[in-house]
Amino acid sequence: MTNVPSDRNPNDGQPRPSYQRIDVPRSDAEVKDLLQRTIEAANNSVVVTDMRQPDNPIIYVNQGFKALTGYDEDEILGRNCRFLQRNPDGTMDNDQAAVRAIREAVRKGRYARVVLRNYRKSGEMFWNELYLTPIEDDNGDVRYFVGVQNDITERVELNQSLERRVEQRTSTLKEQRDELEHAKERAEAANRAKSVFLANMSHEIRTPLTAILGLADVIRAKSTDDTFEEHISRIKAAGSRLMDTLSSLLTLARIEAGSMDMELEPATVVDVALEVTELFRSNAEENNLSLDFHVTPDARDAVAQLDAGALNSALQNLISNAVKFTDSGRVEVRVYTTTHDGVPYVAVDVEDTGVGISETFKPFLFESFSQESDGLTREFDGSGLGLAITKQLVEAMNGIITVDSVIDVGSTFTIALPRANGHEEPAQEAPGTCPIDARNAHIHLVEDNDNTVFLIKNLLGDQVDLSVSLNASDAVQRAQNEDFDLFLIDINLGSGGSGVDALRRLRGMKRHANTPAVAVTAVAMPGDHDKLLNQGFDDYLAKPFEAGALIEMVNRHLGA
């Protein structure tokens with residue numbers, strides 16, 4: 001079978017043209033004429049330079065080149081292309097990387113593609129995209145260079161505009177970032193200043209309160225008649241109110257600083273609720289109120305995930321408010337189980353028959369420093385922090401707090417905490433307030449405040465062998481020659497060194513390397529407890545303290 005040439009294109013199935021059927025230029029003259037017309041008609045600028053002649057002069061330009069540059073042909077031919085780099089003021093703009101690239105390409109006879117600044121006859125600058133191609137002769141030597149050029153000024157200016165916008169945006173973002181950094185630094189400085197201020201105020205308030213509250217108890221215990229009972233009670237009440245305000249401020253600061261450590265553990269809610277309720281029984285009786293406590297059968301052993309200290313504080317705030325804002329009637333605390341969105345909870349209601357809360361104030365009820373009566377018409381004392389702290393404590397335990405209230409009828413606050421099923425009721429230990437049994441114990445107190453020394457002498461002096469140093473240096477000197485069973489050390493001891501300095505020097509002595517040391521201090525800001533334990537103290541007691549707390553701590557470390 002004979003193969004017959006096909007006129008079809010094997011790629012697309014279309015008939016393939018045959019050169020025999022097309023009228024194409026065949027003679028050199030026809031080809032030259034076609035090329036001449038094509039180049040002249042091209043929108044691109046085309047220029048040819050002759051490498052055989054000195055300085056590589058221009059020997060041909062098309063109409064596009066003349067239109068691009070504004071020069072006539074007689075102003076172009078015979079010149080080197082560098083005349084396009086002349087500024088209107090006569091200076092040459094030849095210090096461009098693109099110009100150096102062109103020179104290198106011409107010198108080596110290589111192809112180059114560059115973008116450079118050129119200038120029209122009118123002096124106007126334009127961006128020239130140049131494709132420079134060498135043309136070789138029959139011997140392989142470069143004889144000509146052909147340059148094809150395009151005016152890309154609009155494209156370059158658009159890119160430059162975009163770059164400027166990017167730079168401006170970057171600069172703006174940098175300024176904003178710097179401003180945020182400065183704002184952060186200012187906020188941190190303000191926070192540090194606030195922390196220092198609160199720490200100083202805490203120390204300055206706690207130290208005298210320790211003496212006021214402690215000595216009131218001492219006077220009451222040693223008084224043989226009731227002559228000053230009312231005076232002592234008023235001192236205790238005023239001091240306790242001041243201490244409550246300070247504690248609320250510090251608790252709020254701790255929560256806002258994110259340093260309120262919660263230890264959520266399974267605990268029986270009814271135990272905490274009953275303990276707090278009993279704290280306010282005498283207050284309720286003084287106000288002629290009945291204080292009732294009820295537990296549903298299913299809630300008697302109900303265990304929830306909670307922090308016992310946080311729940312204690314939250315319930316104290318609610319029950320204290322209920323007693324304070326109720327003139328007559330009752331306050332009732334109820335513990336029961338419930339569900340919320342299918343999740344089991346243990347709930348505590350604190351219901352009163354008090355003044356109630358208006359609808360307009362309810363949205364602000366849990367905000368810091370908010371009170372429904374304020375200014376010169378204020379009816380009730382208080383800092384306005386209790387409910388704000390309560391809400392944050394409850395939510396930190398993953399709980400819910402709600403309120404239902406009617407003016408002149410009363411209010412019911414409810415705390416609900418997630419139930420922890422499958423846990424046994426934890427054993428509760430009552431704090432020890434028993435007398436000190438180890439009467440031969442030798443305790444050394446390092447304290448520079450006369451009132452605190454006087455108080456601790458009254459509390460411990462007749463039960464143990466108590467000695468006192470007023471500064472760190474004296475304490476260290478005495479400890480070099482005496483054995484002690486326990487150190488009670490204040491932290492702020494004046495210019496002679498801090499309590500931490502004293503402890504470090506005591507620990508360096510062989511005889512006191514393991515002697516228990518308790519920080520008894522007004523340094524009681526968030527984190528101070530852990531910080532002092534990390535610095536070597538065995539225990540921590542914040543001022544002001546209850547007599548029972550001090551005695552319990554002494555008993556614990558003396559092994560009583």
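Use the structure listed above.
Residues numbered from 1 in each chain as written. Predicted model: local features only at pLDDT ≥ 70, side-chain atom pairs only at ≥ 80, totals over all residues. Heavy atoms only, no water.

*Asks:* Any details on empty space enclosed by the protein? Residues and values, ideally.
*Replies:* As enumerated under the stated definition, the model contains one cavity of 30 Å³ or more in all. Estimates place the volume of the largest cavity at around 30 Å³. Lining of the largest cavity is provided by Gly214, Asp217, Leu455, Leu459, Phe545, Glu546 and Ala547. Elements that contribute at least two residues to the lining of the largest cavity include exactly α4 (153–222) and α10 (450–460). Class assignment of the residues belonging to the lining of the largest cavity gives a composition of four nonpolar, one polar and two charged. (1 Å grid on protein atoms, 1.4 Å probe; cavity = no way out; pocket = protein on both sides within 12 Å on 5 of 7 lines; lining within 4 Å. Points joined across faces, edges and corners; volume = space filled by probe spheres on them. Helix = DSSP H or I, 4+ residues; strand = E, 2+ residues; numbered from the N terminus. Nonpolar A, V, L, I, M, F, W, Y, C, P; charged D, E, K, R; others polar.)

*Asks:* So what's going on with the packing of aromatic side chains? Which residues, and what values?
*Replies:* By the definition in use, this model includes two aromatic pairs. Ring geometry for tyrosine 71 versus phenylalanine 83: centroids 5.1 Å apart, planes at 85°, classification edge-to-face. Here tyrosine 71, found in the loop between α2 (63–69) and α3 (97–108), pairs with phenylalanine 83, found in the loop between α2 and α3; they are twelve residues apart in sequence, far enough to count as distant. An identical accessibility class is assigned to tyrosine 71 and phenylalanine 83; each is buried. The ring of phenylalanine 83 carries the charged tip of arginine 79 above its face, separated from the ring centre by 4.3 Å. (Phe/Tyr/Trp six-rings, centres within 6.5 Å; stacked < 30°, edge-to-face > 60°. Buried < 20%, exposed > 50% of the residue type's maximum accessible area, 1.4 Å probe, protein only. Lys NZ or Arg CZ within 6 Å of the ring centre and 35° of its normal.)

*Asks:* Explain the sheet that holds strand β16 (residues 517–521) to me, and be specific about the residues and the numbers.
*Replies:* What links the strands of a sheet is backbone hydrogen bonding, and the strands pair in either a parallel or an antiparallel sense. Reading across the sheet, the five strands line up as β14-β13-β15-β16-β17 and stay open at both edges, with parallel pairing between neighbours. Looking along the sheet, the strands with just one partner apiece sit at the ends: β14 (465–469) and β17 (539–542). The mean angle between the axes of side-by-side strands here comes to 20°, regardless of whether they run parallel or antiparallel. Where β16 lies against β17, four bridges are found, and the strand directions are parallel. Residue pairing in the sheet places alanine 519 in a bridge with tyrosine 540 of β17. In the packing of helix α11 (residues 472–479) onto the sheet, the strands contacted are β13 (442–446), β14 and β15 (486–489), and the crossing angle to β14 comes to about 135°. (Pairing = 2+ DSSP bridges. Axes fitted to C-alpha atoms, helices over the stretch in contact; angles between N-to-C directions. Contact = heavy atoms within 4.5 Å.)

*Asks:* Talk me through the environment of lysine 324; I want residue IDs and the actual numbers.
*Replies:* The topology assignment puts lysine 324 in helix α8 (residues 308–324). We classify lysine 324 as partly exposed; its relative accessible area is 32%.

*Asks:* Describe the layout of surface pockets, with residues and values.
*Replies:* Of the voids in this model, the second largest pocket is the one considered here, and its volume is about 460 Å³. Along the wall of the second largest pocket there are 23 residues; nearest its centre are Asn80, Cys81, Arg82, Ile102 and Val106. Looking at side-chain class alone, the lining of the second largest pocket contains twelve nonpolar, eight polar and three charged residues.

*Asks:* An account of the pairing of β15 is needed here, citing residue identities and associated values.
*Replies:* A two-sided burial pattern is seen for β15, the buried positions comprising Leu486 and Leu488 on one face and Phe487 and Ile489 on the other. Across three bridges, the pairing between β15 and β16 is parallel. Paired with leucine 488 across the strands is valine 518, a residue of β16. One crossover worth recording links β15 to the parallel β16 by way of helix α12 (residues 499–507), and it is right-handed. (Right-handed = clockwise from strand over helix to strand, strands pointing away.)

*Asks:* An account of the nonpolar core is needed here, citing residue identities and associated values.
*Replies:* With 42 residues, the main nonpolar core has Val269, Leu306, Leu311, Leu315, Val335 and Ile415 as its most contacted residues. Looking at this core, the elements that each hand over two or more residues are α6 (269–279), β7 (290–295), β8 (303–306), α8, β9 (330–340), β10 (343–352), α9 (386–396) and β12 (410–418). Considering every element that reaches this core, the biggest residue donor is α8, with eight residues. Apart from the residues within four sequence positions on either side, valine 269 is in contact with Ala302, Ala304, Leu306, Leu311, Val335, Val346 and Val348. One finds Leu459, Leu486, Leu541 and Leu550 within the second-largest nonpolar core, a separate group that totals 25 residues. (Core = buried A, V, L, I, M, F, W, Y, C linked by side-chain atoms within 4.5 Å.)

*Asks:* Break down the packing of α6 against α8 for me, citing the residues and quoting the values.
*Replies:* In the contact formed by α6 and α8, the axes pass within 9 Å of each other and the chain directions differ by 40°. The angle between α6 and α8 places the two elements in the oblique class. Crossing hand, α6 versus α8: right-handed. Contacts between α6 and α8 pair Val269, Val272, Ala273, Glu275, Val276, Thr277 and Leu279 from the former with Ala308, Leu311, Asn312, Leu315, Gln316 and Ile319 from the latter. (Parallel < 35°, antiparallel > 145°, perpendicular 65-115°, else oblique. Left-handed = near helix turned anticlockwise from the far one by under 90°.)

*Asks:* Go over the side chain of glutamate 447, please, and point to the residues and values.
*Replies:* For glutamate 447, the position within the fold is in the loop between β13 and α10. At 2.7 Å, the side chain of glutamate 447 forms a polar contact with the side chain of lysine 543. The residues touching glutamate 447, leaving out its near neighbours within four places in the chain, are Thr452, Val453, Ser469, Leu470, Asp490, Leu493, Val520 and Lys543. (Polar contact = N/O pair within 3.5 Å; in protein donor to acceptor, adjacent residues only side chain to side chain.)

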